[in-house]
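Given next are the chains, with one letter for each unit.
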Amino acid sequence: VGNWSSSGSSTIVINTTAPSLNSVAISSSTGIQNSFLKAGDVVSVTATFSESVIVDNAGGTPTLTLVVGSTNRTATYASGSGSTSLVFQYTIQAGETDSDGISIGANALTLNSGTIRDAAGNGATLTHSAVSANSSYMVDAILPTVESVEITSATTGMQNNFLNAGDVVSVTAT
């Protein structure tokens, strides 16, 4: 409500430019040791947009597909609404392995019935390039197992195939 003057002018700008996805990268993890992740470690992936975006996950939560070994795994939106960086997280599962590092396929971000948009309501463009295997985030979540245990020698005190306190025994586990 206001007065318009025929002698003045006003410019109204309508934003119709959709935010675009500039990059996707593995950004951090919990528990990593010597570039290896184990079961229970959480991998964070950051999707960076051209402008601040708002995530509405009332209808569904956006996801991002990672490749662990040769298996697709789903990282779920965790935080970042209202900024240019959205964080997705995935927890490494027992039995997973990836000797060259986690990778991300092209166009791996999906809305899953949620929305990602800018303040003007323009839906984000979600296309992006593939991210090659990242050797800083390899996975070894296979626990070692013992197949056999064998006494290989008893060097002192063994009498009649019996061991006594203080005897020295060599054992091999494979």
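Refer to the structure printed above.
The structure displayed is predicted, hence computed values, not measured ones. (Residues numbered from 1 in each chain as written. Predicted model: local features only at pLDDT ≥ 70, side-chain atom pairs only at ≥ 80, totals over all residues. Heavy atoms only, no water.)

Caption draft 1: The nonpolar core, seen in detail. Judged by nonpolar contacts, the single largest core of 29 residues is most densely connected at Phe49, Leu64, Ile102, Leu109 and Ile116. Among the elements of the structure, strand S1 (21-29), strand S3 (42-56), strand S4 (63-68), strand S5 (71-79), strand S6 (83-91) and strand S8 (102-104) are those that each provide at least two residues to this core. It is S3 that contributes the most residues to this core, six residues altogether. Other than its neighbours up to four places away in sequence, Ile102 contacts Ile26, Leu37, Val43, Leu66, Val67, Val68, Ile92, Ser132, Ala133, Asn134, Tyr137 and Val139. (Core = buried A, V, L, I, M, F, W, Y, C linked by side-chain atoms within 4.5 Å. Buried < 20%, exposed > 50% of the residue type's maximum accessible area, 1.4 Å probe, protein only. Helix = DSSP H or I, 4+ residues; strand = E, 2+ residues; numbered from the N terminus. Contact = heavy atoms within 4.5 Å.)

Caption draft 2: Examining the side chain of Glu96 more closely. By secondary structure assignment, the location of Glu96 is in the loop between S6 and strand S7 (97-98). Judged by its relative accessible area of 4%, Glu96 falls in the buried class. In this structure the side chain of Glu96 is engaged in a polar contact, spanning 2.5 Å, whose partner is the side chain of Arg73. Discounting residues that sit within four places of it in the chain, Glu96 has contacts with Val68, Arg73, Tyr90, Val139, Asp140, Ala141 and Ile142. (Polar contact = N/O pair within 3.5 Å; in protein donor to acceptor, adjacent residues only side chain to side chain.)

Caption draft 3: Region of the structure containing the sheet that holds strand S12 (residues 138-140). The strand order across the open sheet built from three strands is S2-S12-S7, with neighbouring strands paired in mixed fashion. Edge positions in the open sheet fall to strand S2 (36-37) and S7, since each of these has one partner strand only. Pairing of S2 with S12, which is carried by two bridges, proceeds in the parallel orientation. Bridged to Leu37 within S12 is Val139. (Pairing = 2+ DSSP bridges.)

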